[in-house]
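Here is what each chain is made of, one letter per residue.
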Amino acid sequence: MNVIDRLKEHEAFAHLDEDVLNGIVGVSEVLEVPATQVLIAEGDKSSDLFLLVEGEAQIVRQDNAGRTIPLNTVGPGDCLGELAFLDGAPRAASVIAQTPCKLILIPSEALKKLPDGAVISGELKAALASVVVERARHLSDGMLSALREQLEAKTLQNQFGYFLVFTIALYLISTSLFYLVAEKYVVDVYDPEFSWQTILLFAIPCLVIIKIMKIPPGQLGLRKEGLVKSLVQSFLICAAITVPVLVYLMASGGLRQTVSGGATVDLLFLLQYFIHTVFQEIGSRGLLQGLFQKFLADTKGHRSVFLTSTIFASLHLTFGVDAVVITFFASIVFGYIYLYQKNLAGVILVHYWLGVLAALTVAI
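Residues numbered from 1 in each chain as written. Predicted model: local features only at pLDDT ≥ 70, side-chain atom pairs only at ≥ 80, totals over all residues. Heavy atoms only, no water.

Thoughts on the overall build of the protein
Thought 1: For the protein, the helix and strand inventory stands at eleven helices and eight strands.
Thought 2: Relative to the globule expectation of 21 Å for 364 residues, the C-alpha radius of gyration of the protein, 35 Å, shows a markedly less compact shape.
Thought 3: Projected onto the principal axes, the alpha-carbon positions of the protein cover approximately 110 × 45 × 30 Å.
Thought 4: When the 364 residues of the protein are sorted by exposure, 40% land in the buried category.
Thought 5: Of the roughly 20400 Å² that the protein leaves accessible, carbon and sulfur atoms contribute 65%.
Thought 6: Put simply, the protein has 26 plus and 33 minus side-chain charges, and the middle of one group is 7 Å from the middle of the other. (Helix = DSSP H or I, 4+ residues; strand = E, 2+ residues; numbered from the N terminus. Rg over C-alpha atoms; globule rule 2.2 N^0.38 Å. Buried < 20%, exposed > 50% of the residue type's maximum accessible area, 1.4 Å probe, protein only. Areas by Shrake-Rupley, 256 points an atom, 1.4 Å probe, with all protein chains shown as cover. Lys, Arg positive; Asp, Glu negative; His and termini not counted. Charge placed at Lys NZ, Arg CZ, Asp CG, Glu CD.)

Written out as structure tokens, the structure is:
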């Protein structure tokens, strides 16, 4: 093996003078060691320098309990033992061959004993120091990145806990409302007063979770980006749906003014239902579906749409099984519209218009 060529391949040796390199090569040895052999022992006072030419080795340390902690894996072209070579301190870690390895050993004492050993050692240490500083910089960046990832994981864990409490709160509210209806404390579920009480009850945990998790409006789908496009697309969807409904209404002979259940299709109904639709879509698509995608890492969104539709439909149990089934399939449609448009405005429009058409149809 041509030792000088191998040394020149490493950035610490590449710019050294030929005389310095020749001096280093004159005292260097080529070692071949089997797997599992300890190349450097933690705490050892030796300060020899190694250049790994072939194979892989693992850098490890012992913790206070005596357990071996892997730190890094090194391969061909890496220097080993450079810190002890630079400052003469005991070895800070152990290096163990993972595979059969070939190394170039540069013995520090033999280097110093050369006629110009002080000069050679000084130049080599200066070159190594720049490499160590660069490695420390990358290590710091890696540690910072790892700390950031740990912080994000901890934050995500806390947020998932809040989300779990949020969903439980929704189900408790839904169960309580269902009990009031089942026990006939509420006679008409379509009564405007009961409807407003319901929407406000559901709005409370939604607002709390948005506040605690500091969710910006953009993450709820309330954004300017794609607003016009989503409205145009949804308007076309509404127009396509309206045509068969109008045909049905005309064939049925017109409209009555009252929807079964006590609601009246008038201006007040249209205004109230629009406000309800906005609240429902912010809570279901903007909040529930968005959080499901985040916590499940659901990039395609299929699971998030299904889970959101299931929860949202179950919250309509107060209105009967038919309402649950209709809400589930309608929510699937709304969920995929939101996935495609990534803006809540278009979903709100489709949801609202479908509800109005349904009310008009029932009023026949």
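Some words on the sheet that holds strand β5 (residues 68–74)
Thought 1: Strand order in the open sheet made by the four strands is β2-β7-β4-β5, with antiparallel pairing throughout. What marks the edges here is a single partner per strand, and that holds for β2 (38–40) and β5. Pairs of neighbouring strands in the sheet enclose a mean axial angle of 35°, with direction left out of account.
Thought 2: Across four bridges, strand β4 (residues 57–62) lies against strand β7 (residues 94–97) in antiparallel orientation. (Pairing = 2+ DSSP bridges. Axes fitted to C-alpha atoms, helices over the stretch in contact; angles between N-to-C directions.)

As for unusual backbone geometry
Thought 1: The residue Ala297 is not glycine, and still its phi comes out positive at about 50°.
Thought 2: Take Ala297: it is sitting in the loop between α8 (267–295) and α9 (302–314).
Thought 3: Its relative accessible area of 57% is what places Ala297 among the exposed residues.

Topic: the packing of aromatic side chains
Thought 1: With the rule as written, the count across this model stands at ten aromatic pairs.
Thought 2: Ring geometry for Phe160 versus Phe295: centroids 5.4 Å apart, planes at 80°, classification edge-to-face. Here the residue Phe160 occupies a position in helix α5 (residues 117–182), and Phe295 occupies one in helix α8, the gap between them amounting to 135 residues.
Thought 3: Taking 5.4 Å as the distance between ring centres and 40° as the angle between the ring planes, the aromatic pair formed by Phe163 and Phe295 counts as tilted. (Phe/Tyr/Trp six-rings, centres within 6.5 Å; stacked < 30°, edge-to-face > 60°.)

A few points about the packing of α8 against α9
Thought 1: At a minimum axis distance of 9 Å, the contact between α8 and α9 shows a crossing angle of 135°. Classified by the interaxial angle, the pair formed by α8 and α9 is oblique. Our pair here, α8 against α9, has a crossing hand that is right-handed. When α8 is examined against α9, the residues Gln280, Ser284, Arg285, Leu288, Gln289, Phe292 and Gln293 are found in contact with a partner set consisting of Ser304, Val305, Leu307, Thr308, Ile311 and Phe312. (Parallel < 35°, antiparallel > 145°, perpendicular 65-115°, else oblique. Left-handed = near helix turned anticlockwise from the far one by under 90°. Contact = heavy atoms within 4.5 Å.)

Brief notes about the side chain of Thr167
Thought 1: Position of Thr167 among the secondary structure elements: in helix α5.
Thought 2: Since its relative accessible area comes to 10%, Thr167 is described here as buried.

Details of the pairing of strand β3 (residues 49–54)
Thought 1: Burial analysis of β3 places five of its six residues in the buried class, which makes it a mostly covered element.
Thought 2: For β3 and strand β8 (residues 101–106), the ladder comprises five bridges, and the chain directions are antiparallel. Its bridge partner being in β8, Phe50 is matched across the sheet by Leu105.

Focus on the side chain of His351
Thought 1: Within the secondary structure, His351 is located in helix α11 (residues 344–362).
Thought 2: Only 2.6 Å separates the side chain of His351 from the side chain of Glu281, close enough to count as a polar contact.
Thought 3: Leave out the neighbours within four places in its chain, and His351 touches Tyr273, Thr277, Gln280, Glu281 and Phe334. (Polar contact = N/O pair within 3.5 Å; in protein donor to acceptor, adjacent residues only side chain to side chain.)

A short note on the sheet that holds β3
Pairing between the strands of a sheet comes from backbone hydrogen bonds, and it takes one of two forms, parallel or antiparallel.
Thought 1: Pairing within the open sheet is antiparallel, and its four strands lie in the order β1-β8-β3-β6. Looking along the sheet, the strands with just one partner apiece sit at the ends: β1 (29–33) and β6 (79–80).

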